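Letter by letter, the chains look like this.
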Amino acid sequence: MMGQARLDYMKDSAWKRGTAKKIDNLPPFELPYAKDAVLIDLVDPDVLPDAQVNFLEMIEVRSTLRQYDDTKELSNKELSYLLWCTQGVKMVMQTKTIRNVPSAGGRNALETFLYIRRVEGIKPGLYRFLPLEHKLLLVSDAEDIEEKICSQFSTIGVANNAAVVFLWTAVYERMDCMFGERAYRYIYLDAGHVCQNLYLAAQTMHIKVCALGAFDDEVLNQNLGFDGENQFVVYGAGIGK
């Protein structure tokens, strides 16, 4: 029965419309940025440490921590490691990027924004991760940017204490161009994959994570300059030591 249902779905016109756009007018793999944008170098993935772990033990001890030591910073290397493990690009192909986390069709519709509070050598502010360059782009270091971002989460104590707040946002057309009406489903599944990679990668470095799924969508999107339809916040996480 399930097999027939799947077959019927594959024949549906909505699916055909989605797949018919695979090679035409594909959106870029990364949002564009100004030539004079401020870019921050991250430690190159090729020189990141190869953590030796007991995988079963790591799965068993993985946990959520909501309070962090506000005297301890993350290093550039640690942040680079977490970004590489969650959105690092291994290969760029004509219609997709192959990254360190699964994504439907290799479309990788997510962009990673970071409110950085305590990372060695990086000024507090809002940044965007550029996965193709493996760099950070400064979005805003305005005095009120912390309040605009962190106060929108219901678990405000985590957001206000984390060394870094991860914000995963979806560029809808990047998934819609291939999958049509199923794009939303795949975007949210992809966000789960990315956050789980963050939990596991952080565990190897004794960094703790708290996923943040409850926030004021409308206000947070507005504060980030998103329209809530073509680009919108999907998920977040606070990290620290």
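Structure: see above.
The next point concerns unusual backbone geometry. Its identity is not glycine, yet His 134 carries a phi of approximately 55°, on the positive side. Its place among the elements puts His 134 in the loop between strand S5 (125-130) and strand S6 (135-140). The phi dihedral of His 206 is positive, around 60°, even though this residue is not glycine. Structurally, the position occupied by His 206 is in the loop between helix H8 (183-204) and strand S8 (208-212).

On to the pairing of strand S4 (residues 110-116), then. Here S4 lies mainly inside the structure; 7 of its 7 residues are buried. Neither face of S4 is exposed, since Leu 110, Thr 112, Leu 114 and Ile 116 on one face and Glu 111, Phe 113 and Tyr 115 on the opposite face are all buried. As paired elements, S4 and strand S7 (residues 164-171) share 7 bridges and run antiparallel to each other. Bridged to Leu 110 within S7 is Ala 170.

The residue Asn 161 is located in the loop between helix H6 (156-159) and S7 in this model. A distance of 2.6 Å separates a polar atom in the side chain of Asn 161 from the backbone nitrogen of Tyr 68. Setting aside chain neighbours within four positions, we find Asn 161 in contact with Gln 67, Tyr 68, Asp 70, Arg 117 and Arg 118.

Another point: the packing of aromatic side chains. Per the stated rule, a full pass over the model turns up 7 aromatic pairs. Plain terms: the ring middles of Phe 113 and Phe 226 are 5.5 Å apart, the flat faces sit at 65° to each other, and that makes the pair edge-to-face. Of the two residues, Phe 113 sits in strand S4 while Phe 226 sits in the loop between helix H9 (217-224) and strand S9 (231-240), which places them 113 residues apart along the sequence. This pair shows no difference in class: Phe 113 is buried, exactly as Phe 226 is. An aromatic cluster is defined as three or more aromatic residues linked by ring pairs; in this entry it consists of Phe 166, Trp 168 and Tyr 235. When the ring centre of Tyr 199 is taken as reference, the NZ or CZ atom of Arg 62 above it lies at 4.8 Å.

Another aspect to go through is H9. For H9, the complete set of buried residues consists of Leu 220, Asn 221 and Leu 224. All buried residues of H9 project into a common sector of 100° when viewed along the axis, lining one side. Residues of H9 that are exposed and angled more than 90 degrees away from the buried face: Glu 218 and Gln 222. Contacts from the buried residues of H9 go to S5, helix H5 (145-150), S7 and S9. Just downstream of H9 lies Gly 225, where phi reads positive at about 85°.

On to the layout of surface pockets, then. In this model, the largest pocket occupies a volume close to 160 Å³. Forming the walls of the largest pocket are Leu 31, Pro 32, Ala 37, Phe 113, Leu 126, Arg 128, Leu 137, Leu 138, Val 139, Leu 224, Phe 226 and Gln 231. Within the residue set of the lining of the largest pocket, elements represented by two or more residues are S5 and S6. At 3 residues, the largest contribution of residues to the lining of the largest pocket is made by S6. A per-class count over the lining of the largest pocket returns 10 nonpolar, 1 polar and 1 charged.

Bringing the nonpolar core into the picture now. Formed by 46 residues in total, the largest nonpolar core has its most connected members in Leu 79, Leu 82, Ile 116, Leu 136, Phe 166, Ile 187 and Ile 239. Breaking this core down by element, the ones donating at least two residues are helix H4 (76-87), S4, S5, S7, helix H7 (172-179), H8 and S9. The element contributing the most residues to this core is H8, with 10 residues. For Phe 166, the contacting residues outside a window of four places in its chain are Leu 79, Leu 82, Leu 83, Thr 112, Phe 113, Leu 114, Leu 198, Tyr 235, Gly 236, Ala 237 and Ile 239. With 20 residues, the next largest nonpolar core counts Ile 145, Phe 153, Ala 162 and Phe 226 among its residues.

Attention now moves to the pairing of S7. With 8 of its 8 residues buried, S7 lies for the most part within the structure. Burial along S7 is two-sided: Val 164, Phe 166, Trp 168 and Ala 170 facing one way and Val 165, Leu 167, Thr 169 and Val 171 facing the other are all buried.

So, about a nonpolar patch on the surface. A cluster of nonpolar side chains, namely Val 53, Phe 55 and Ile 59, defines an oily patch on the protein surface of about 270 Å² accessible area. Among the structural elements, Ile 59 can be located in helix H3 (residues 55-61).

Turning our eyes to something else, we now look at the sheet that holds S9. Whether parallel or antiparallel, the strands of a sheet pair through hydrogen bonds between backbone atoms. Taken together, the 7 strands give an open sheet; going across it, the order is S1-S6-S5-S4-S7-S9-S8, and neighbouring strands pair in antiparallel fashion. On the outer flanks of this sheet lie strand S1 (39-41) and S8, each paired with one strand and no other. If you compare each strand with its neighbour and ignore which way they point, the axes differ by 30° on average. Alignment of S4 against S5, held across 4 bridges, turns out to be antiparallel.

What counts, and at which threshold
- Residues numbered from 1 in each chain as written.
- Predicted model: local features only at pLDDT ≥ 70, side-chain atom pairs only at ≥ 80, totals over all residues.
- Heavy atoms only, no water.
- Helix = DSSP H or I, 4+ residues; strand = E, 2+ residues; numbered from the N terminus.
- Buried < 20%, exposed > 50% of the residue type's maximum accessible area, 1.4 Å probe, protein only.
- Pairing = 2+ DSSP bridges.
- Polar contact = N/O pair within 3.5 Å; in protein donor to acceptor, adjacent residues only side chain to side chain.
- Contact = heavy atoms within 4.5 Å.
- Phe/Tyr/Trp six-rings, centres within 6.5 Å; stacked < 30°, edge-to-face > 60°.
- Lys NZ or Arg CZ within 6 Å of the ring centre and 35° of its normal.
- Arc of directions from axis to C-beta.
- 1 Å grid on protein atoms, 1.4 Å probe; cavity = no way out; pocket = protein on both sides within 12 Å on 5 of 7 lines; lining within 4 Å.
- Points joined across faces, edges and corners; volume = space filled by probe spheres on them.
- Nonpolar A, V, L, I, M, F, W, Y, C, P; charged D, E, K, R; others polar.
- Core = buried A, V, L, I, M, F, W, Y, C linked by side-chain atoms within 4.5 Å.
- Patch = residues over 30% accessible without salt bridge, like charges linked within 9 Å, V, L, I, M, F, W, Y side chains within 5 Å.
- Areas by Shrake-Rupley, 256 points an atom, 1.4 Å probe, with all protein chains shown as cover.
- Salt bridge = Lys/Arg side-chain N within 4 Å of Asp/Glu carboxyl O.
- Axes fitted to C-alpha atoms, helices over the stretch in contact; angles between N-to-C directions.

Fair warning: the whole summary comes from geometry, so function is off the table for now.
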